[in-house]
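Here is what each chain is made of, one letter per residue.
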Amino acid sequence: APTYPKVAQRFGIEGVAVVDFEVSAEGRAKAIQSVDAWPTEAFFKAARRALREAQFEPKPDVHARYGEVFRMSFVFRLHQKGRIPRAAASMAFRGR
């Protein structure tokens, strides 16, 4: 699970990060790129750290050198009922 960005937590800021990445033959995230981060890039940085620590199970039929591309959304909320406006969340979650 990603660690909440400290500055955002201190100021009560909630946000989202949408990230594209590949999974290597060893099951590690690589080529991590921000698709969208709202309202600050701090949420992308937290998502990137979490992905770098994660271990995935690679598919045996995927080329070992190129991996497979995934898109993952991270929602950062301080409370059970978040304050992220629905319009902003839906903008961030648009697929390719």
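As a reminder, the structure under discussion sits directly above these lines.
What this report covers is the structure whose coordinates are included nearby. (Residues numbered from 1 in each chain as written. Predicted model: local features only at pLDDT ≥ 70, side-chain atom pairs only at ≥ 80, totals over all residues. Heavy atoms only, no water.)

**Here's the deal with the overall build of the protein chain**
Along the backbone of the protein chain there are three helices and three strands. Counting from the amino terminus, helix and strand elements in the protein chain follow one another as α-β-β-α-β-α. Counting over 96 residues, the protein chain shows a buried share of 32%. Taking as baseline every contact in the protein chain between residues at least 6 positions apart, the subset at least 24 positions apart corresponds to 70%. For the protein chain, the exposed area adds up to about 6,600 Å²; of that, 50% sits on carbon and sulfur atoms. (Helix = DSSP H or I, 4+ residues; strand = E, 2+ residues; numbered from the N terminus. Buried < 20%, exposed > 50% of the residue type's maximum accessible area, 1.4 Å probe, protein only. Contact = heavy atoms within 4.5 Å. Areas by Shrake-Rupley, 256 points an atom, 1.4 Å probe, with all protein chains shown as cover.)

**Structural notes on the nonpolar core**
Of all hydrophobic cores here, the largest spans 16 residues; its most connected members are Ala17, Val19, Ile32, Leu51, Phe74 and Phe76. Of all the secondary-structure elements, those providing two or more residues to this core are strand 1 (15-23), strand 2 (29-38), helix 2 (42-53) and strand 3 (68-76). If you tally residues by element for this core, the top one is helix 2, at five residues. (Core = buried A, V, L, I, M, F, W, Y, C linked by side-chain atoms within 4.5 Å.)

**As for the side chain of aspartate 20**
Its place among the elements puts aspartate 20 in strand 1. Engagement of the side chain of aspartate 20 in a polar contact is seen with the side chain of arginine 71, the distance being 2.8 Å. (Polar contact = N/O pair within 3.5 Å; in protein donor to acceptor, adjacent residues only side chain to side chain.)

**Structural notes on the packing of aromatic side chains**
Per the counting criterion, the structure on display carries five aromatic pairs. Where phenylalanine 43 meets phenylalanine 76, the ring centres are 5.0 Å apart and the plane angle is 45 degrees; that geometry is what we call tilted. Placement of the pair is phenylalanine 43 in helix 2 and phenylalanine 76 in strand 3, with a sequence separation of 33 residues. Each member of the aromatic cluster is reached from another via a ring pair, and the members are Tyr4, Phe43 and Phe76. (Phe/Tyr/Trp six-rings, centres within 6.5 Å; stacked < 30°, edge-to-face > 60°.)

**Concerning the sheet that holds strand 3**
If you trace the three strands from one edge of the open sheet to the other, you get 2-1-3, paired in antiparallel fashion. Of all strands in the sheet, those bounded by a partner on one side alone are strand 2 and strand 3. Strand-to-strand twist in this sheet, taken as the mean axis angle between neighbours without regard to direction, amounts to 20 degrees. (Pairing = 2+ DSSP bridges. Axes fitted to C-alpha atoms, helices over the stretch in contact; angles between N-to-C directions.)

**Some points on the environment of phenylalanine 74**
With respect to the helices and strands, the residue phenylalanine 74 is situated in strand 3. We classify phenylalanine 74 as buried; its relative accessible area is 10%. For the pair phenylalanine 74 and proline 2, spaced 72 residues apart in sequence, the C-alpha separation works out to 8.3 Å. Leaving out residues up to four positions away in the same chain, phenylalanine 74 has contacts with Pro2, Gly15, Val16, Ala17, Val19, Ala47 and Leu51.

**Examining the pattern of salt bridges**
Per the counting criterion, the structure on display carries two salt bridges. With a shortest N-O distance of 2.8 Å, aspartate 20 and arginine 71 are connected by a salt bridge. Taken as a pair, aspartate 20 in strand 1 and arginine 71 in strand 3 lie far apart in primary sequence, 51 residues in all. Here lysine 30 makes a salt bridge to glutamate 22, at a shortest N to O gap of 3.8 Å. (Salt bridge = Lys/Arg side-chain N within 4 Å of Asp/Glu carboxyl O.)

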